[in-house]
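# Working through the structure, step by step
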Amino acid sequence: MLARGKKILLLGSGALKIGEAGEFDYAGSQAIKALKEEEMNVVLVNPNIATIQTSEGMADETYFVPVQADFVAKVIARERPHAILLGFGGQTALNCGLELHRRGILKKYNVRVLGTPIRSIELTEDRQQFADFLRKRHFSVPESHAATTVSAALKAATKIGYPVMVRSGFALGGLGSGIAKNEKQLRAIAVSAFAHVQQILVEECLSGWKEIEYEVVRDTADNCITVCNMENLDPLGIHTGESIVVAPSQTLTDKEYQMLRTTSIAVIRALGIVGECNIQYALDPHSNTYRIIEVNARLSRSSALASKATGYPLAAVAAKLSLGKTLPSLQNAVTETTPAFFEPALDYLVVKFPRWDFSKFQGADQRLGSQMKSVGEVMAIGRSFPEAIQKAVRMLDIGRNGIIGPRPETVSFSEAVVPTPLRIFHLARSLYHGESVKKLARATGIDPWFLDQIRSVVVLQRELARKRIRRVTPQILKTAKQHGFSDKQLAGLWKVPDDAVRSLRKKYRIVPSVKRIDTVAAEFPAKTNYLYFTYHAERSDDIVHAHPTAIVLGSGVYRIGSSVEFDWCAVNAAQELHRQGFRSVMVNCNPETVSTDYDVCDALYFEELTPERILDIVDVEKPIGVVVSVGGQVANNLVMTLAKHRVPLFGTSAREIDRAEDRHKFSTLLDRLNIDQPEWIEARSAKEAEAFAQRAGFPVLVRPSYVLSGSAMNVATNPGQLTRFLRQAVDVSPAHPVVLSKFEVDAREIDVDAVVQKGVIIASVVSEHVENAGVHSGDATLVLPPQKVYVETVQKVQAAVAHIARE
């Protein structure tokens, strides 16, 4: 066991990318906290400035350099760490660690690899070695052959027979993988894969089998537990990051569950894993036949999901086990009474739903497969699948209130079965219009149980749509809420305002119960304040209110324009509120984040960021104030509804937030303050827009209000574009003004970030865009401090910001 006071090097995952996002900030941050508890000196390598783990006060030393062997070798030479952790920074950290080992750098500086040994990592990462190792020990794996050239891949496919599955070694997010039905498809996949990796595995295709995952923990004394098992709604062939996932599994028999659990423990012991790992299976839906697909000998997106689904702090436990501690010696930090070797028990279920942003990319292939394309995910907690899946849809913030709209149109059979981001909605519509569960199950490979649960929602919707609100009984309303229908959904069916449904619920005393996640299904007392709402309970768990309460609204699902930086903001805000003597309460629904860690706040509501649910939380918590300014656009968009219901806000008032978000009000403000801006008008009609464009001259900038990351903001250079862009702007924010302004060509762009109290700037930072204006600041290269801007210009900009802030 490593002695206290030793120096440990921790590798982060670097920049966020598809397949490596906030979950590794969560894993690394938990690891740092766990190591510091054991009085270790932690050196972090991670250049991502938006993460919690790179914040002041986390690691003892932080190096903002690439997580690459050349750079990390220099850090090792300078810091001389005693040991290194490779499993908390995703594929990037793992590949870097393997490269340091191969170059002999770890041996040269006598750096010990903590946790899972290098040999075990190599076995799990090298597809051929992994398959051979398991096959020799009589574990069931797909027939497979490794290939390092396209011709070798074609030969392997001939031996196995088409279709074949192609998997890349040492790759992230299924990069370079796919199903090939013939030689032409295999050649294309192989050429693409070899552009990124040196080895691929060609294996028998098990498309249509169930995909099951287990999160397994093992210590140096060979104690093993399975923390969570998860079932993909989509069958094998769709990357688990692309799939809707349910925990715990819902369609396995006890025999199947125990068979895979026993196998998981045996495999992890054979591989010599120390800490945490994820094992993925293919399970034949028509027999007990299984195949082991892969083992990730590191923390992953699935392990972040498992941690949040169970309340079991996987990363923290894994970090302590890597030091040589054993499971019986560690306490369950959630219950504070049971040891860490207790396997979590769940009296609820969770649904993970991915989010895609294909609308940002014209012509993108929206079909889902073995390569990961999702940019984020949400996790919903409920006590029935319909309750959780409908809640998850709202959490995605894609303009849908549930799995089916109020007046669902018919859908073609091919639309319902082809895997795309819309398939779950197409399946619901297909079932609504009479398609059979049996036929859809056969065509999609989705278990009939899931389809039958979806069918129960659409059948109930059909019944609800025939009602009028004055004829709705308490029992019907409660049944609807237990099936996950929101007040907004029901209002749409009954053609009444949302508040009318809320008032009816209150009249009938139909309110959600607050329940606690404690990892032991309430079998033992637990002090956790990790909470969720459900309509499948008769009473709420006791919630402790020791101090005046402040609520922080998080940013919800990661999407382009809103990711880990808002988690950083929310965590820092919640922690500061706690230091100021408030009981800090976080509301968020993203399983990848540090903000949804059970011990970051005094209470965590793992819930949807919708007006209905925030008002439910306010009813329970009765806060002194709510912080909306750290949750990005999602939280800001709730402001006017919260103000309408007289919810107290901390910071800038609702009226002033609206003046900043509403393009017309903001431009009017600038005119009144005599602050220069391009010529502009509010575009009330296409005719007005065309007249302005003719007068001001193209190009013109179309700017909707209350949008995230420039959504539907476009530069129009001709009348045709102007008409199209106006339509998009109205669609994305129909309740708010669209402003047209003259687009200044060849202009410089400058950003100012300011901290303001009562209209007075306390601190500000000016940064300069390298690209000309017209490139979104999230896509631009920024330099700080500015290098090519006159001092006089900076002073003018700061003066304008001061005027705006004061107003």
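Residues numbered from 1 in each chain as written. Predicted model: local features only at pLDDT ≥ 70, side-chain atom pairs only at ≥ 80, totals over all residues. Heavy atoms only, no water.

### Details of the packing of helix H1 (residues 23-37) against helix H11 (residues 314-322)
Spelled out, the test is: Axis definition: a line fitted to C-alpha atoms, over the contacting stretch in the case of helices. Angles run 0 to 180 degrees between N-to-C directions. In this text, helices come from DSSP runs of H or I with a minimum length of four residues, and strands from runs of E with a minimum of two, each type numbered from the N-terminal end. We call two directions roughly parallel when the angle between them is under 35 degrees, roughly antiparallel when it is over 145, roughly perpendicular when it lies between 65 and 115, and oblique otherwise. Whether a crossing is left-handed or right-handed is set by the direction in which the near helix is turned from the far one by less than a right angle, anticlockwise for left-handed and clockwise for right-handed. Whether two residues are in contact is decided by their heavy atoms: any pair within 4.5 Å suffices.
Remark: H1 packs on H11, axes separated minimally by 8 Å, with the N-to-C direction vectors making an angle of 45°. Accordingly, the angle class assigned to the pair H1 and H11 is oblique. In this structure, H1 meets H11 at a crossing whose hand is right-handed. Every residue of H11 that contacts H1 at Ala 27, Gln 30, Ala 31, Ala 34, Leu 35 and Glu 37 is listed here: Leu 314, Ala 315, Ala 316, Ala 319 and Lys 320.

### Focus on the pairing of strand E21 (residues 603-606)
This is how the line gets drawn: The buried label goes to any residue with under 20% of its type's maximum accessible area, the exposed label to any with over 50%, and the partly exposed label to all in between, with areas taken from a 1.4 Å probe on protein chains only. Two strands pair under a simple rule: DSSP has to find at least two bridges between them.
Side chains Ala 603 and Tyr 605 of E21 all project onto a buried face; the interleaved residues Leu 604 and Phe 606 project onto the opposite face, where all are buried too. Relative to E21, strand E18 (residues 530-534) is paired through two bridges, and the arrangement is parallel. Its bridge partner lying in E21, Leu 531 is registered against Tyr 605. Two strands pair when backbone bridges link them, and strand E20 (residues 583-588) and E21 are joined in this way by four bridges, in the parallel orientation. Considered in E21, the bridge of Met 586 is made with Leu 604.

### Describing the sheet that holds strand E6 (residues 144-147)
Pairing is antiparallel across the open sheet formed by four strands, whose spatial order is E6-E9-E7-E8. Across the chains shown, the open sheet's two edge strands, defined by having one partner strand only, are E6 and strand E8 (178-180). Averaged over all pairs of adjacent strands, the angle between their axes in this sheet comes to 25°, without regard to strand direction. Here strand E7 (residues 164-168) pairs with strand E9 (residues 200-204) via five bridges, running antiparallel. Residue pairing for E9: Met 165 is matched across the bridge by Glu 203. Relative to E6, helix H6 (residues 127-136) is tilted by about 150°, and along the sheet it contacts E6, E7 and E9.

### Some remarks on the pairing of strand E17 (residues 513-516)
Side-chain alternation along E17 places Ser 513 and Lys 515 on one buried face and Val 514 and Arg 516 on a second face that is also buried. Strand direction decides the pairing type here: E17 and E18, joined by four bridges, are antiparallel. Counterpart to Val 514 in the pairing with E18 is Phe 533.

All quantities given are derived from atomic positions and should not be read as evidence of function.
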